[in-house]
Amino acid sequence: MERSLVIIKPDATVRRRIGALVIKALMDRDLKVVAFKEMNVPDSLAKLHYDVHKDKPFFPWLIDFISSAPVITMILEGENAIEDIRDALGATFVQKADSSSLRGKYGVWAGINIAHASDAPDTATKEIMLWKEEGGLEETDDAQEMALDYIRKYSANKRDYTSEIRNTVNTAIEREDTSEDVLQRLIDLLSKDAEDITEEEINNLARVVFDYIKEEVE
Ligand code: CMP
């Protein structure tokens with residue numbers, strides 16, 4: 001049996017239905033949920049988790065993104081868990097992800113890609129230890145049930161606003177539009193299915209997406 005650390009990132013946790021659909025798609029692959037926790041990621045943990053990227057130009061943005069709004073952290077277990085999950089998610093960059101993959105279907109843009117998953121067994125071991133020690137992630141007997149409850153609660157929610165969000169980002173980049181109207185449109189779209197997410201968290205996430213647009217335009 002193999003284990004992987006999966007983080008449903010803020011763009012898929014704020015969009016409740018998307019988070020539920022992603023978790024369901026992973027569980028449908030015969031993966032068992034052994035730990036499940038919705039949480040806000042402190043800066044310190046975000047920096048440790050993404051330490052391998054610390055010299056990349058996008059590192060500060062990545063830290064802002066992962067700590068902008070809640071995430072769902074899970075340990076998933078299965079025979080070929082690591083490869084299976086990475087197959088289901090598709091390529092890291094949303095525009096490169098196959099349209100049948102989860103990132104291809106629900107990813108927002110580029111690195112705003114709905115989920116993180118461990119890329120190899122040794123990384124999985126390290127990431128699981130880190131999130132247990134620094135993130136309070138715990139293996140519990142009811143983790144599988146918690147995940148199923150989440151799916152039951154949110155998968156029937158509203159509709160999927162992925163295409164509207166992508167269009168907003170795409171159009172803004174094409175037109176080099178970094179006006180406050182774009183930010184407001186992102187806030188409106190990200191608010192549509194954001195049950196139990198605070199206004200501040202929605203604004204934080206919208207701002208991170210907006211910052212990405214600004215980077216592309218500048
Ligand atoms: P993840 O699988 O969590 O691992 C590192 C993350 O960095 C990746 O998903 C993306 O969210 C992000 N990322 C990778 N490359 C870039 C990039 N060029 N610009 C912005 N973010 C990126």
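Residues numbered from 1 in each chain as written. Predicted model: local features only at pLDDT ≥ 70, side-chain atom pairs only at ≥ 80, totals over all residues. Heavy atoms only, no water.

1. Some details on the site of the ligand
Neighbouring residues of the ligand: Lys9, Tyr50, His53, Phe58, Trp61, Leu62, Thr92, Phe93, Gly111, Asn113, His116 and Tyr212. Between the ligand and the protein, one listed contact pairs an oxygen atom with a side-chain N or O atom of tyrosine 50 at 2.5 Å. Take asparagine 113: an N or O atom from its side chain is 3.2 Å from an oxygen atom of the ligand. Burial of the ligand by the surrounding chains reaches 83%, relative to a free accessible area of 460 Å². (Near = heavy atom within 4 Å. Polar contact = N/O pair within 3.5 Å; in protein donor to acceptor, adjacent residues only side chain to side chain. Areas by Shrake-Rupley, 256 points an atom, 1.4 Å probe, with all protein chains shown as cover.)

2. What to know about helix H7 (residues 121-135)
Between its first and last C-alpha atoms H7 spans 20 Å; for 15 residues at 1.5 Å apiece the expected length is 21 Å, and the two agree. Among the residues of H7, Ala124, Glu127, Ile128, Leu130, Trp131 and Gly135 are the ones counted as buried. Buried residues of H7 fall within an arc of 165 degrees about the axis and therefore sit on the same side. Exposed side of H7, more than 90 degrees from the buried face: Asp122, Thr125, Lys126 and Glu133 are the residues found there. Where H7 ends, the next residue or the one after it, glycine 136, has phi of about 70 degrees, a positive value. (Helix = DSSP H or I, 4+ residues; strand = E, 2+ residues; numbered from the N terminus. Expected span 1.5 Å × (residues − 1). Buried < 20%, exposed > 50% of the residue type's maximum accessible area, 1.4 Å probe, protein only. Arc of directions from axis to C-beta.)

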